[in-house]
Amino acid sequence: MASAGGIQIPSRLPLLLTHEGVLLPGSTVRFSVDSPRNMQLVSQRLLKGTSLKSTIIGVIPNTRDPEQDSDPLPPLHQIGTAGIAVQVVGSNWPKPHYTLLITGLCRFRVSNLVKERPFVLAEVAEVTALIAVNGLFSSTGNWPV
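Here the structure is a predicted model, which is why all the values come from computation and not from measurement.

Colleague: Hey, could you run me through the pattern of salt bridges in this one?
Modeller: For the structure shown, the criterion picks out 2 salt bridges. When the shortest N-O distance is used, the salt bridge between Glu123 and Arg12 registers 3.4 Å. Of this pair, Glu123 sits in strand S8 (residues 120-133) while Arg12 sits in strand S3 (residues 12-18); the two residues are 111 residues apart in sequence, bridging distant segments of the chain. Asp34 is the salt-bridge partner of Lys95, the closest N and O atoms lying 3.5 Å from each other. One end of the pair, Lys95, is in the loop between strand S6 (79-91) and strand S7 (97-115); the other, Asp34, is in the loop between strand S4 (28-33) and helix H1 (36-46), and 61 residues separate them in sequence.

Colleague: Would you explain the nonpolar core in this entry?
Modeller: What tends to happen in soluble globular proteins is that the nonpolar side chains get buried as a cluster. Residues Ile9, Leu13, Leu15, Leu17 and Phe108 are the most contacted members of the largest nonpolar core, which totals 18 residues. With near-sequence residues (within four places) excluded, Leu17 lies in contact with Asn38, Ile60, Asn62, Leu73, Leu76 and Val120. Counting 15 residues, the second largest nonpolar core, distinct from the first, contains Leu41, Leu46, Val59 and Tyr98.

Colleague: How should I be thinking about unusual backbone geometry in this particular structure?
Modeller: What you tend to see is this: most non-glycine residues have negative phi, and most peptide bonds are trans. For the bond from Trp93 to Pro94, the omega torsion is 0°, close enough to zero to count as cis. One can find Pro94 in the loop between S6 and S7. The step from Arg117 to Pro118 runs through a cis peptide bond, and the omega angle for that step is 5°. Its place among the elements puts Pro118 in the loop between S7 and S8.

Conventions adopted
- Residues numbered from 1 in each chain as written.
- Predicted model: local features only at pLDDT ≥ 70, side-chain atom pairs only at ≥ 80, totals over all residues.
- Heavy atoms only, no water.
- Salt bridge = Lys/Arg side-chain N within 4 Å of Asp/Glu carboxyl O.
- Helix = DSSP H or I, 4+ residues; strand = E, 2+ residues; numbered from the N terminus.
- Core = buried A, V, L, I, M, F, W, Y, C linked by side-chain atoms within 4.5 Å.
- Buried < 20%, exposed > 50% of the residue type's maximum accessible area, 1.4 Å probe, protein only.
- Contact = heavy atoms within 4.5 Å.

Structure (structure tokens):
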């Protein structure tokens, strides 16, 4: 997939399914992670990765409560935001969880699900990217500056 601000976005992204809001390109959001799928994504991808590429994930709003994560994968939104995990903080109180600080890079469309467990991995195609113009962000191809 094309680059977003000089960062190459992989064509396969692990997906963070979140119930807490929407990540937009150019924004930075803090997400709590405590569902089994998302915990696996953090422990197997973000904490074991040794390259910048391993910190890039897709963030998709989840239509189901993450506490019901043992159920089959819910229908997913087809549009999400690729982001870079700039901070990962873990805690065991009151139960094991992580807090991620993620900066949105570009929008993507899910083309195909590659796997659902231990975390969701999808093939993606870029929809839009943000570029900085005179200190302002604009969506390429959508709004005139």
